[in-house]
Amino acid sequence: MEQTFLMIKPDGVQRGLIGEIVSRFEKKGLQLCAAKFIQINEELAELHYAEHEGKPFYPPLIEFILSGPVFAMVWKGDQAIGLTRALIGKTDALAAAPGTIRSDYGVHTNFNLIHGSDSVESAEREIALYFKPEELLDYEHTI
Ligand code: CMP
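This text gives an overview of the structure that appears in the document. (Residues numbered from 1 in each chain as written. Predicted model: local features only at pLDDT ≥ 70, side-chain atom pairs only at ≥ 80, totals over all residues.)

**Re the overall build of the chain**
Along the backbone of the chain there are seven helices and four strands. Overall, the chain shows an N-to-C arrangement of helices and strands of β-α-α-β-α-α-β-α-α-β-α. Taken against the 2.2 N^0.38 rule, which gives 15 Å for 143 residues, the C-alpha radius of gyration of the chain at 14 Å falls within 12% of a compact globule. Buried positions account for 29% of the 143 residues belonging to the chain. A fraction of 73% describes how many contacts in the chain between residues 6 or more apart in sequence connect residues 24 or more apart. (Helix = DSSP H or I, 4+ residues; strand = E, 2+ residues; numbered from the N terminus. Rg over C-alpha atoms; globule rule 2.2 N^0.38 Å. Buried ≥ 20, exposed ≤ 12 C-beta atoms within 10 Å, placed from the backbone. Contact = placed C-beta atoms within 7 Å.)

Printed below as a string of structure tokens:
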């Protein structure tokens, strides 16, 4: 069982796509562990995207991620990291396969609707940046 960190970015929130995107992960059979609707600050944005510091797209990325609220989530399931990345699609909307979130709704590499962890290590790091351990709910489906 894996856990992964997903975050609907300001463009996904502003375009009214929270429900549509969450629905795709629910229908896939993944389990929601935690969610929060937040305005992140510069310190958190820089920690989140530390690996991209110095790249040409880093300044616009930070500016964009701070431009409005985001919807941060933790999901779990077998192969949750790979499955969610497959549903999200490639970073560039043009390269993303039809049927993926970024292909269906994305228009630009910088405004690509959602972030998803790319490895177990990234997932652990990103979950810890956004959530306290007690905010992650562990429950069985009973119905
Ligand atoms: P995300 O999955 O949040 O991780 C880094 C983000 O940087 C990426 O999505 C894009 O929004 C943005 N970005 C812009 N240009 C590039 C690029 N050339 N390669 C990777 N990420 C990029």
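**Points about the packing of helix 2 (residues 18-28) against helix 5 (residues 80-88)**
In contact at an axis separation of 11 Å, helix 2 and helix 5 are set at 135° when each is read in the N-to-C sense. In terms of orientation, helix 2 lies oblique with respect to helix 5. Between helix 2 and helix 5 the crossing geometry is right-handed. Contacts from Arg 24, Phe 25 and Lys 28 of helix 2 reach helix 5 at Leu 83, Thr 84 and Leu 87. (Axes fitted to C-alpha atoms, helices over the stretch in contact; angles between N-to-C directions. Parallel < 35°, antiparallel > 145°, perpendicular 65-115°, else oblique. Left-handed = near helix turned anticlockwise from the far one by under 90°.)

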